[in-house]
Amino acid sequence: MTDTQNIQEKHVTGATIWLTGLPSAGKTTIAYELAGRLREEGHRVEVLDGDEIREFLSAGLGFTREDRHTNVQRIGFVAELLASNGVKVLVPVIAPYEDSREAVRKRHASEGTPYVEVHVATPVDVCSVRDVKGLYAKQAAGEISGLTGVDDPYDEPRNPDLRIESHTQTVQESAATLHALLTERGLA
């Protein structure tokens, strides 16, 4: 196989890269940073942002355990479909329940589609200071309840493929660490 064929083959190998963590952990920021780098290298990339998915694909779902599970399964289905067609799919989604994430992993495994789980392990006190969407302030003021990691559970991944502590490094360093893992696995 020539170098050109290797490069072309490399760029059509899809994968799902699932970034899970608390609200305001840095999942989406890291995903978009990595997406830019992968696109510069010639990869086909999609970011399935949790907020956008909720608005368009999962409109009408609430935040009960069942609705959150359904949301994660829908996202997992779309991610696997895209990844199986040569796209690098970055999924920055809270996905608070281990059984929901495991079901997505199993779907990918059954289809032979590469799947990488990344835990963006930012402590809740750091997330509440970042409070990108004002959720922690609303929860503290009693305006909302069911905030993941505060008054609703978050099952930390026991064996993620990568754990990123975004509060100890820059966004670029976090994305580079994830890119290195993808390269090591032949996915970047």
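Note that the structure is a prediction, hence the values are computed from the model and not measured. (Residues numbered from 1 in each chain as written. Predicted model: local features only at pLDDT ≥ 70, side-chain atom pairs only at ≥ 80, totals over all residues. Heavy atoms only, no water.)

Undergrad: Can you walk me through the packing of helix α4 (residues 65-83) against helix α5 (residues 98-111) in this structure?
TA: Packed helices, taken two at a time, are described by the angle between their axes plus the distance between the axes. It is at 9 Å that the axes of α4 and α5 come closest, and there the two elements cross at 25°. What the angle tells us is that α4 and α5 run roughly parallel. Crossing handedness for the pair α4 and α5: right-handed. Mapping the contact onto sequence places R65, H69, V72, Q73, G76, F77, A79 and E80 in α4 and D99, S100, A103, V104, R107, H108 and E111 in α5. (Axes fitted to C-alpha atoms, helices over the stretch in contact; angles between N-to-C directions. Helix = DSSP H or I, 4+ residues; strand = E, 2+ residues; numbered from the N terminus. Parallel < 35°, antiparallel > 145°, perpendicular 65-115°, else oblique. Left-handed = near helix turned anticlockwise from the far one by under 90°. Contact = heavy atoms within 4.5 Å.)

Undergrad: How do you make sense of the pattern of salt bridges when you look at a structure like this?
TA: Using the criterion set out here, one finds 9 salt bridges in the structure. Two residues, R65 and D99, come together in a salt bridge whose shortest N-O distance is 3.4 Å. Separated by 34 residues along the polypeptide, R65 in helix α4 and D99 in helix α5 bring together distant segments of the chain. Using a relative accessible area of 38% as the deciding quantity, one classes R65 as partly exposed. With a relative accessible area of 42%, D99 lands in the partly exposed category. Beyond isolated ion pairs, a larger network of salt bridges with shared partners links R101, E102, R105, E117, D161 and R185. (Salt bridge = Lys/Arg side-chain N within 4 Å of Asp/Glu carboxyl O. Buried < 20%, exposed > 50% of the residue type's maximum accessible area, 1.4 Å probe, protein only.)

Undergrad: What is the right way to read the side chain of S100 from this model?
TA: Looking at where S100 falls in the secondary structure, it is placed in helix α5. Given a relative accessible area of 1%, S100 falls into the buried group. For S100, the contacting residues outside a window of four places in its chain are H69, V72 and Q73.

Undergrad: It is not clear to me how the sheet that holds strand β4 (residues 115-120) should be interpreted in this structure. Could you clarify?
TA: Within a sheet, each strand pairs with its neighbour through backbone hydrogen bonds, oriented either parallel or antiparallel. Spatially, 5 strands are ordered β2-β3-β1-β4-β5 in an open sheet, and the strand pairing comes out parallel. The outermost strands of the open sheet, each flanked by one partner alone, are β2 (45-47) and β5 (162-164). Direction aside, neighbouring strands of the sheet carry axes that sit 20° apart on average. As paired elements, strand β1 (residues 15-20) and β4 share 5 bridges and run parallel to each other. Paired with W18 across the two strands is E117, which belongs to β4. The strands touched by α4 are β1, β2 and β3 (88-92); relative to β1, the strand with the most contacts, the crossing angle is about 150°. (Pairing = 2+ DSSP bridges.)

Undergrad: How should I be thinking about α5 in this particular structure?
TA: Helical periodicity: at 3.6 residues per turn, an α-helix aligns residues three or four positions apart in one direction. The end-to-end C-alpha distance of α5, which contains 14 residues, comes to 20 Å, matching closely the 20 Å that a straight helix rising 1.5 Å per residue would cover. Among the residues trailing α5, G112 stands out with phi positive, at a value near 75°. (Expected span 1.5 Å × (residues − 1).)

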